[in-house]
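So the chains spell out like this:
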Amino acid sequence: MSSASLDEALIHPETLNALKNAGFNQATDILHFSPPELSERCHISIKAASAALLAVALLAAPPSLTASQLLSQSWQTVFSKDRCTTLRAVDARLKFHDSILDDMLEGGLPLQGITEICGESSSGKTQTVLHLCTTAQLPTSHGGLGAHVVYLSTEGRFPENRLLEMIATRVKADPTLAEHLSGDHVLLKQADTTGAVNDALSDQLPKLLSARPEIGLLVVDSIAAVFRGEFHLSEMADRSDTLFSFGRKLKALSDRFHVAIVCINQVSAHITPESNLFATSKLKPALGLSWSTCVNTRLMLRRVTSRHVTADVIKRSMAVAFSPHLPQRSVQFVVQSHGLQGLA
């Protein structure tokens, strides 16, 4: 904790800038001050000073549980400054509700850490996260989370019509789901710069998740988009620092509010000369090693059916590139009106 930066605490961006301007860089530096003292020194309100001290205190000494409590606890309790809400089962998973896909993931995606959905264009990344936006809403009686979703969009227009098609198809198959599935349960937030994403992760989303405990999934589409063109080659160290900061804040949101974090990422071509005459291109996830170290589980998507072949059904594959709890494996799937369907 002695080396923890103030950036690691969930502090409002304006307050964070005021603290840094006053010469504070390490989180523990401000714990020696009372709210009035910190307010006077940094020229911020007492309320803002108190919130900053609370955020740093939680970073320095987060609530602890014994091993026995962790073993016996069956539900996650979400704490915030003004409320305590019993929410989701600790061992809950974000399921695809497809036996083949869920078997590959040994029950679904965990609600801790960052899951990355990575692949080239037309590999099915958007279809995958929209599928999860739908299944996350399914009631617990149907094996879902009974949760709402926040969709943080950094590029393009949100594919609302496709989401509504997935929902309508499921409701048509099971009319009892009509009261649980809705496009209104997916909250859209636009952020097209690194500054806007940082504001969302540092201030807006913590407030939203604290006020709306029914939210169980945060989608970031996409993590790479905001970094295009914002950093020059001479600023790669700053880019890495920003990536690490985003990763820490996403994991803090996941841990604090027990929500699944799913990030879309693109791929880039890595050219490796094989001889003087030829070169081969290998696709690698964008953002390099800096971002990869922030990811807990990476799922690589690939289009199996060639783009040069006319086919009624396009086959794609989903592979576990790395994960702390899953072996490397892959399955094929197709995209149907209701979403993804695994192939045996």
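Preceding this paragraph is the structure being described.
Each chain has its residues counted from 1, following the order in which its sequence is written. With pLDDT at 70 or above as the cut-off, local features in this predicted model cover only qualifying residues; side-chain atom pairs require 80 or more to be listed or tallied, and sums for whole chains, interfaces and linings still use all residues. No hydrogens and no water enter the side-chain calculation; it runs on all heavy atoms of the structure.

Section: the packing of aromatic side chains
Here's step 1: Aromatic rings from Phe, Tyr and Trp, with only the six-membered ring used for Trp, were paired whenever their centres fell within 6.5 Å, and each pair was classed as stacked if the ring planes differed by under 30 degrees, edge-to-face if by over 60, and tilted otherwise. For the structure on display, the rule yields three aromatic pairs.
Here's step 2: Ring geometry for F227 against F246: centres 5.9 Å apart, planes inclined by 65 degrees, an arrangement best described as edge-to-face. Here F246 lies in helix α9 (residues 236-257) and F227 lies in the loop between β8 (215-221) and α9, a separation of 19 residues in the sequence. This pair shows no difference in class: F227 is buried, exactly as F246 is. Strands are runs of DSSP state E lasting at least 2 residues, helices are runs of H or I lasting at least 4, and numbering of each runs from the N terminus. Whether a residue is buried, partly exposed or exposed follows from its accessible area with a 1.4 Å probe, protein chains only, as a fraction of its type maximum: under 20%, in between, or over 50%, in that order.

Observations regarding the packing of helix α8 (residues 194-211) against α9
Here's step 1: Geometry is summarised by axes, namely lines fitted to C-alpha atoms with helices restricted to the contacting stretch, and by angles between N-to-C directions that run from 0 to 180 degrees. The N-to-C vectors of α8 and α9 enclose an angle of 10 degrees; their axes lie 11 Å apart at closest approach. Between α8 and α9, the angle is such that the two are roughly parallel. Contacts between α8 and α9 involve T194, V197, N198, L201, S202, L205, P206, L209 and S210 from the former and T242, S245, F246, K249, L250, L253, R256 and F257 from the latter. Should an angle lie under 35 degrees it is considered roughly parallel, over 145 roughly antiparallel, and from 65 to 115 roughly perpendicular; all remaining angles are considered oblique. Only heavy atoms matter for contacts: two residues are in contact if any of them lie within 4.5 Å across the pair.

Digging into helix α3 (residues 46-60)
Here's step 1: Helix length check: α3, at 15 residues, gives a terminal C-alpha distance of 21 Å against a target of 21 Å (1.5 Å per residue), a fit within 8%.
Here's step 2: Of all the residues in α3, the buried ones are A48, A49, A52, L53, A55 and V56. Relative to the axis of α3, the buried residues are bounded by an arc of 160 degrees and lie together on one face.
Here's step 3: Buried-residue contacts for α3 involve α1 (13-21) and α2 (35-42). By definition here, a helix of n residues has an expected span of 1.5 Å times n minus one. This arc describes the spread of directions from the helix axis toward the C-beta atoms.

A few points about the nonpolar core
The tendency in soluble globular proteins is for nonpolar side chains to be buried as a group.
Here's step 1: One finds L94, L105, Y151, L217, V262 and M318 to be the most contacted residues of the largest nonpolar core, which totals 39 residues.
Here's step 2: Of the residues forming this core, the biggest block, four residues, is contributed by helix α6 (residues 125-135).
Here's step 3: The residues touching M318, leaving out its near neighbours within four places in the chain, are F96, L101, M104, T128, L299, M300, L301, R329, S330, V331, F333 and L340.
Here's step 4: Residues enter a nonpolar core if they are buried and are Ala, Val, Leu, Ile, Met, Phe, Trp, Tyr or Cys, with the set joined through side-chain atoms within 4.5 Å. Counting residues in each nonpolar core, the second largest holds 30 residues, with I114, L218, F231 and L250 among its members.

Looking at α2
Here's step 1: Taken residue by residue, α2 has L38, S39 and C42 as its buried positions. Down the axis, α2 shows its buried residues gathered within 105 degrees of arc, on one side only.
Here's step 2: The elements touched by buried residues of α2 are α1 and α3.
Here's step 3: Where α2 ends, the next residue or the one after it, H43, has phi of about 60 degrees, a positive value.

A few points about the pattern of salt bridges
Here's step 1: Just to be clear on terms, a salt bridge is a Lys or Arg side-chain nitrogen sitting within 4 Å of an Asp or Glu carboxyl oxygen. Evaluation of the coordinates by the stated rule reveals six salt bridges.
Here's step 2: As a salt-bridge pair, R212 and E214 come within 2.4 Å of each other at their nearest N and O atoms.

Considerations on the side chain of H258
Here's step 1: By the secondary structure assignment, H258 is in the loop between α9 and β9 (260-265).
Here's step 2: Overall, H258 belongs to the buried group, its relative accessible area being 3%.
Here's step 3: Polar contact is defined as a pair of N or O atoms within 3.5 Å, subject to the rule that within protein one atom must be able to donate a hydrogen and the other to accept it, and that residues adjacent in sequence are counted only when both atoms are side-chain atoms. Only 3.5 Å separates the side chain of H258 from the side chain of Q112, close enough to count as a polar contact.

Points about the sheet that holds strand β15 (residues 339-343)
Here's step 1: DSSP calls a pair of strands paired once it identifies at least 2 bridges connecting them. Here we have nine strands laid out as an open sheet, ordered β7-β6-β8-β9-β5-β12-β13-β14-β15, and mixed in their pairing. Two strands bound the open sheet, and with one partner strand each, they are β7 (186-190) and β15. If you compare each strand with its neighbour and ignore which way they point, the axes differ by 25 degrees on average.
Here's step 2: Strand direction decides the pairing type here: strand β14 (residues 330-336) and β15, joined by five bridges, are antiparallel. The residue bridging Q332 from the neighbouring strand is L343, located in β15.
Here's step 3: Taken strand by strand, α6 contacts β5 (114-119), β6 (148-153), β7, β8, β9, β12 (297-303), β13 (316-322), β14 and β15, and its axis lies near 165 degrees from that of β9.

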